[in-house]
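# Remarks on the overall topology
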Amino acid sequence: GFAGLISLGTAGLLGAGAYTVGMLVREVSAPFWVTLPAAALLGAFLGLIFGLPSLRLRGLYLAISTLGLHFIVVYLGGEYEAREALSTGVIIDSPSIGPYSLTSGIGWYFALLAFAGFALLISANLQRSRTGRAWRALNARDVVASALGIDVQRFKLMAFMVSATMTAVAGALFAYYRNFVSIDAFSLYLTVQYVAMIIIGGMGSIPGALLGSCFVILFPYAIEALAAQLPARFANAVFALDYAAFGVVMILFLLLEPAGLIGIWRRIKNAFSAKR
């Protein structure tokens, strides 16, 4: 949400990163210190290609153009699985260094926590840098940003490239974590979830993204707990209830709380500060 650009290609980028790992491991037995940079480079390239429409398109038209990335990756991934007769997907070995292999749940927890912390550190530094200030200017009004001397085209493409690079690396880590890559894991609903994290948490805010992520991840468990209290005949409707409730929550946040959870937190914080 820094630059105010809409992208619906998140699931496609995750799939691109995951399939980069799957193909390199399966075809040439590449180690993780090769596959992760390769996924990052592919993400940057896709971000550049699919960021080009942002130079001409805005709003809904830009969102639809980025949605094409999802369908392209799904098609290519499906074709690769069919060509190689991989009816259930690509199996990937756990990353290892010498005799040490990352297989335990605790090990993965700390490894992914380190990657998440590194991504947050990069995002925070970008937000405070000249690039982050340029993105905020684009978010406010790109015409005014251009009048102030900001290279609008350059910073729009940079926003797409940085985002796509980080998303592709996340997809590569996802592939290693599951030891398996299948095109079924990268549905359009996954993109909706990531967009919901930003909307519910609060656009243009790193703490908001964290709050939105926690909400979207924990929300289905709350729905399941609620559904468990309903009569048995409604048990089969828990998935439909999950989707419906998720959509209602997104609409309510868009209508009633555009600033998201971080906006609610700021108002509560200001209220307590005023009482002091």
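This structure is a prediction, so every number in the text was calculated from the model and none was measured. (Residues numbered from 1 in each chain as written. Predicted model: local features only at pLDDT ≥ 70, side-chain atom pairs only at ≥ 80, totals over all residues. Heavy atoms only, no water.)

Okay, the overall build of the protein next. When you go through the protein residue by residue, the secondary structure sums to eleven helices and four strands. A compact globule built from 276 residues would reach a C-alpha radius of gyration of about 19 Å, and the protein, at 20 Å, matches this within 12%. Seen through its C-alpha atoms, the protein measures out along the principal axes to roughly 60 × 60 × 40 Å. Residues classed as buried in the protein amount to 38% of the 276 residues present. Pairs at least 24 apart in sequence give 73% of the contacts found in the protein among residues at least 6 apart. When the accessible surface of the protein is summed, it comes to about 15900 Å², and 68% of that surface belongs to carbon and sulfur atoms. (Helix = DSSP H or I, 4+ residues; strand = E, 2+ residues; numbered from the N terminus. Rg over C-alpha atoms; globule rule 2.2 N^0.38 Å. Buried < 20%, exposed > 50% of the residue type's maximum accessible area, 1.4 Å probe, protein only. Contact = heavy atoms within 4.5 Å. Areas by Shrake-Rupley, 256 points an atom, 1.4 Å probe, with all protein chains shown as cover.)

One can describe the packing of helix H1 (residues 10-28) onto helix H3 (residues 59-83) by two numbers: an axis separation of 8 Å at closest approach and a directional angle of 25 degrees. The angle between the axes of H1 and H3 places the two elements in the roughly parallel class. The chirality of how H1 crosses H3 is left-handed. Where H1 approaches H3, its residues Ala11, Gly12, Leu13, Gly15, Ala16, Tyr19, Met23, Arg26 and Glu27 are matched on the opposing element by Leu69, His70, Val73, Gly77, Tyr80 and Glu81. Each residue belonging to the contact of H1 with H3 can be placed in one class, and the counts come to eight nonpolar, four polar and three charged. (Axes fitted to C-alpha atoms, helices over the stretch in contact; angles between N-to-C directions. Parallel < 35°, antiparallel > 145°, perpendicular 65-115°, else oblique. Left-handed = near helix turned anticlockwise from the far one by under 90°. Nonpolar A, V, L, I, M, F, W, Y, C, P; charged D, E, K, R; others polar.)

Bringing the pattern of salt bridges into the picture now. Applying the stated criterion to the full structure yields two salt bridges. Note that Arg26 is salt-bridged to Glu27, the shortest N-O span being 3.4 Å. Residue class for Glu27 comes out partly exposed when judged on its relative accessible area of 47%. Here Arg267 makes a salt bridge to Glu257, at a shortest N to O gap of 2.5 Å. Here Arg267, found in helix H11 (residues 260-275), pairs with Glu257, found in the loop between helix H10 (238-256) and H11; they are ten residues apart in sequence, far enough to count as distant. Classification of Arg267 by relative accessible area gives partly exposed; the value is 47%. Look at Glu257 and you get buried, because its relative accessible area is 11%. (Salt bridge = Lys/Arg side-chain N within 4 Å of Asp/Glu carboxyl O.)

This part covers H1. Between its first and last C-alpha, H1 extends 27 Å over 19 residues, near the 27 Å set by a 1.5 Å rise per residue. Of all 19 residues that make up H1, 14 are buried, and the element is covered over most of its length. The first or second residue beyond H1 is Ser29, which carries a positive phi of 55 degrees. (Expected span 1.5 Å × (residues − 1).)

On to helix H4 (residues 105-128), then. If you check H4, its first and last C-alpha atoms are 34 Å apart, about what 24 residues at 1.5 Å a residue would give, namely 34 Å. At its buried positions, H4 is contacted by helix H7 (152-178) and helix H9 (206-228).

All right, on to the side chain of Ser123 then. Secondary-structure assignment places Ser123 in helix H4. Separated by 2.9 Å, the side chain of Ser123 and the backbone oxygen of Ala119 make a polar contact. (Polar contact = N/O pair within 3.5 Å; in protein donor to acceptor, adjacent residues only side chain to side chain.)

With that settled, consider unusual backbone geometry. Comment: phi is negative for the bulk of residues other than glycine, and the bulk of peptide bonds are trans. If you check the backbone angles, Ser29 has positive phi at about 55 degrees while not being a glycine. By secondary structure assignment, the location of Ser29 is in the loop between H1 and helix H2 (32-51). By relative accessible area, which is 60% here, Ser29 ends up exposed.

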